[in-house]
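Results of the structural survey
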Amino acid sequence: MPETDSKQTLEIYSLNGVVTTVRNPVRNNILHMLSKQGTASFSEIQKTIGLSKSTTSGYISSLVYAGLVIEISCRDGRKKEYKLAATPLGDIKPAGTTVSTNEFREVIRQAYTNYGKLDYKNILPHIIKVALMEAGVKIDPIIGRGGEILGETIAPYLVADTLDRTLENICGFWAHNGLGEIKIRSIMPLKLEVYKCYECMILPKGMGTSCVISSGILSALFSAFYHQKIPVIETQCMTQGFECCSFDVSSPVYEE
């Protein structure tokens with residue numbers, strides 16, 4: 001799927017062990033939609049991209065032909081839906097659109113001047129992430145998957161028989177490991193706030209929501225509690241100037 005417009009973000013996907021890229025914004029819009037909600041009908045995709053039926057069909061067909069999207073039949077057999085077949089890996093921004101890292105560099109300089117206020121080994125992940133973003137490379141889906149793997153590993157120790165006990169264990173895990181201080185903003189719907197968030201508190205401002213590891217860990221833990229996939233979305237981040245990071249935990253879906 002050759003696309004040469006270097007002014008658009010280049011999205012990276014993995015398909016059967018092979019890395020493939022997509023630059024066209026309409027195709028990426030479709031792929032983002034499927035990645036977020038799992039499946040979508042033709043009419044849902046058309047509504048999202050806002051194009052005619054024939055044009056929408058052309059875009060979907062190209063993604064199916066490339067193997068990035070697969071067509072599945074609904075239970076009633078009357079309409080078809082589409083599902084993402086590839087795994088999102090990240091993206092590469094066009095030249096001139098990368099985030100400034102001057103603020104992060106200043107944090108490092110200040111820490112060196114006042115040695116002992118910052119443990120350098122603890123910021124190695126941040127250094128790697130900032131260096132990648134300075135080069136225009138963002139691999140949040142991979143980093144988020146790492147968070148999910150961690151969450152799946154610790155779930156047997158943190159997930160309890162009640163939501164209250166599970167939340168208590170999660171808050172304790174965050175505090176004990178220096179990841180931040182979790183506060184429960186609301187239960188229905190479930191919203192969490194993380195203060196002094198380790199993952200992002202020293203990252204440069206303007207990076208958007210950045211706590212993909214935390215989102216991955218929380219998603220895995222609540223998925224284990226509810227016995228179904230539970231997405232966790234970061235709605236605000238300290239890198240955006242907020243005093244804390246906020247996470248919305250999706251409600252479980254029960255079949256009637």
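Described below are features of the structure shown in this document. (Residues numbered from 1 in each chain as written. Predicted model: local features only at pLDDT ≥ 70, side-chain atom pairs only at ≥ 80, totals over all residues. Heavy atoms only, no water.)

The antiparallel open sheet is built from three strands, whose spatial order is 3-5-4. In the strand order of this sheet, the two ends are held by strand 3 (39–41) and strand 4 (69–73), each with one partner. Neighbouring strand axes in the sheet, compared pairwise and without regard to direction, differ in orientation by 35° on average. Of the pairings in the sheet, the one linking strand 3 to strand 5 (residues 80–84) comprises three bridges and is antiparallel in character. Its bridge partner lying in strand 5, Thr-39 is registered against Lys-83. (Pairing = 2+ DSSP bridges. Helix = DSSP H or I, 4+ residues; strand = E, 2+ residues; numbered from the N terminus. Axes fitted to C-alpha atoms, helices over the stretch in contact; angles between N-to-C directions.)

This next bit is on the packing of aromatic side chains. One pass over the full model with this rule turns up two aromatic pairs. Geometrically, the ring pair formed by Phe-173 and Trp-174 is edge-to-face, given 6.0 Å between the ring centres and 65° between the ring planes. On the accessibility criterion, Phe-173 (16% relative accessible area) is buried. A centroid spacing of 4.8 Å and a plane angle of 85° characterise the contact between Phe-225 and Tyr-226, whose relative ring orientation is edge-to-face. Given the relative accessible area of 16%, Phe-225 is considered buried. Tyr-226 sits in the buried class, given a relative accessible area of 18%. Directly above the aromatic system of Tyr-195 lies the positively charged group of Lys-183, at a separation of 4.8 Å from the ring centroid. (Phe/Tyr/Trp six-rings, centres within 6.5 Å; stacked < 30°, edge-to-face > 60°. Buried < 20%, exposed > 50% of the residue type's maximum accessible area, 1.4 Å probe, protein only. Lys NZ or Arg CZ within 6 Å of the ring centre and 35° of its normal.)

All chains considered together, the criterion is met by zero disulfides. You can see Cys-200 has no disulfide; the closest cysteine sulfur is in Cys-245, sitting 3.3 Å from it. The buried category is assigned to Cys-200, whose relative accessible area is 1%. (Disulfide = S-S within 2.5 Å.)

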